[in-house]
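Spelled out from the first residue to the last, the chains are:
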Amino acid sequence: MTNLLKLMDLSAKEIIEILNTADQLKFEKKNRIPHRLLEGKVLGLIFEKSSTRTRVSFEVGMFDLGGMSLFLSSRDLQIGRGEAVQDTARVLSRYLDGIMIRTFAQEEVEALARFGTIPIINGLTDYCHPCQVLADLMTIREIKGSFEGRKLCYIGDGNNMTNSLIVGGIKLGMDVSVACPKGYEPDAEIMKWAAKNGNFVCTEDVFAAAADSDVLYTDVWASMGQESEAEKRKKIFKSYQINDETMKAAKSDAIVLHCLPAHREEEITSTVFEKHSAEIFEEAENRLHAQKAVLVKCLRD
Ligand code: CP
Ligand code: NVA
């Protein structure tokens, strides 16, 4: 049994294995090659926050793999009325073969894993978004062909996406730069680890961060749960945008990625978004293939 709680828990070799499986599953899906890798398995999907891509990719993914999924909104579960996560974990472990959970606190995901006896997959917390970054890395390799020495630049809020991108990028030998306003930096421990283990920079200077990048990445200025700060953040993050000027600082063949949903004219201009929409929607499609690879790794006996 394997959990996917955060990318820090995976070695570079394990990440590459997941990406290789994802590529293989993408090829099989495109060529309609059937398989039943998770025949008879049932995955529970607990959502305490909204989702389009994560929910649909895991549901379709389980179907493609010969299993099934149950969508469990916290609005309906007893967990939403205060039933202890320890009890939920022990009950659901008796019905299901795995759980994907999207929630606020990373600790809740870790607690599910501690008390449950089935694989737990992190579908996003305030701390990290490992499933998204596996799809991002898959997309980078698909388009750029390699990781070593390539530069990944993230512009915007030092949030869950940033934390996972730093870990994934550094583990695979990419140079990683982050541009964010003071006070909105990524997790301090992750930054310390990144500086020790690779080529990592965090700066307030968008153009310095973007210089010579192969991949430019951004995400919303206000994440789920930060809705009340949205107006304040619009002012603070105003200059932390991927636009034509930022693109000029990057390599001429740089790609643009966005985990989505996007807020056009906030973290990215419509012009840049549409110009790079082929990459961004390939990335969104790759959620399906990458999530299937995660499911195979975590749920297969
Ligand atoms: N990128 C991502 O996780 O999208 P959803 O919030 O729609 O699942
Ligand atoms: N940082 C965003 C990512 C959404 C996929 C959020 O947490 O809302």
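Residues numbered from 1 in each chain as written. Chains lettered and ligands numbered in written order. Predicted model: local features only at pLDDT ≥ 70, side-chain atom pairs only at ≥ 80, totals over all residues. Heavy atoms only, no water.

**Some words on the pattern of salt bridges**
- Within the structure shown, the criterion is met by 25 salt bridges.
- Residue Lys26 is joined to Glu282 by a salt bridge in which the shortest nitrogen-to-oxygen separation is 2.6 Å. Residue Lys26 is located in helix H1 (residues 12–30), and its partner Glu282 is located in helix H12 (residues 277–299); the two are separated by 256 residues in the primary sequence.
- For Glu282, a relative accessible area of 25% translates into the label partly exposed.
- One salt bridge in this structure joins Glu231 and Lys234, with 3.1 Å as the shortest N-O distance. Placement of both Glu231 and Lys234 in helix H9 (residues 230–236) is noted, with a separation of 3 residues, approximately one turn of the helix.
- The network of salt bridges with shared partners includes Lys6, Asp9 and Glu110. (Salt bridge = Lys/Arg side-chain N within 4 Å of Asp/Glu carboxyl O. Helix = DSSP H or I, 4+ residues; strand = E, 2+ residues; numbered from the N terminus. Buried < 20%, exposed > 50% of the residue type's maximum accessible area, 1.4 Å probe, protein only.)

**Side note on the site of ligand 1**
- Around ligand 1, the neighbouring residues are Ser51, Thr52, Arg53, Thr54, Arg102, His129, Gln132, Cys259, Leu260 and Arg287.
- Between Cys259 and ligand 1, the recorded distance is 2.9 Å, taken from a backbone N or O atom to a nitrogen atom.
- Summarising the interface, the protein chains cover 95% of the accessible area of ligand 1, which totals 250 Å² for the free molecule. (Near = heavy atom within 4 Å. Polar contact = N/O pair within 3.5 Å; in protein donor to acceptor, adjacent residues only side chain to side chain. Areas by Shrake-Rupley, 256 points an atom, 1.4 Å probe, with all protein chains shown as cover.)

**Some words on the pairing of strand S1 (residues 42–47)**
- Within S1, 6 of the 6 residues are buried, which leaves it mostly tucked inside the rest of the structure.
- Burial of the side chains of S1 extends over both faces: Val42, Gly44 and Ile46 are buried on one face and Leu43, Leu45 and Phe47 on the other.
- Sheet topology places S1 next to strand S2 (residues 68–73); 6 bridges connect them, and they run parallel. Of the residues in S2, the one forming a bridge with Ile46 is Leu72.
- Note on the crossover from S1 through helix H2 (residues 53–64) to S2: the handedness is right-handed. (Pairing = 2+ DSSP bridges. Right-handed = clockwise from strand over helix to strand, strands pointing away.)

**Details of the packing of aromatic side chains**
- One pass over the structure, following the stated rule, counts 6 aromatic pairs.
- Relative to Phe281, the ring of Phe273 has its centre 5.9 Å away and its plane inclined at 80°; by these criteria the two rings are edge-to-face.
- Residue classification places Phe273 among the buried residues on the basis of a relative accessible area of 2%.
- In textbook terms, an aromatic cluster arises when at least three aromatic residues are bridged by ring pairs, as seen for Tyr184, Trp221, Phe237 and Tyr240.
- For Lys49, the ring lying beneath its charged end belongs to Phe104, and the centroid distance is 4.6 Å.
- In this structure, Arg55 is placed above the aromatic ring of Phe71, and the distance from its NZ or CZ to the ring centre is 3.5 Å. (Phe/Tyr/Trp six-rings, centres within 6.5 Å; stacked < 30°, edge-to-face > 60°. Lys NZ or Arg CZ within 6 Å of the ring centre and 35° of its normal.)

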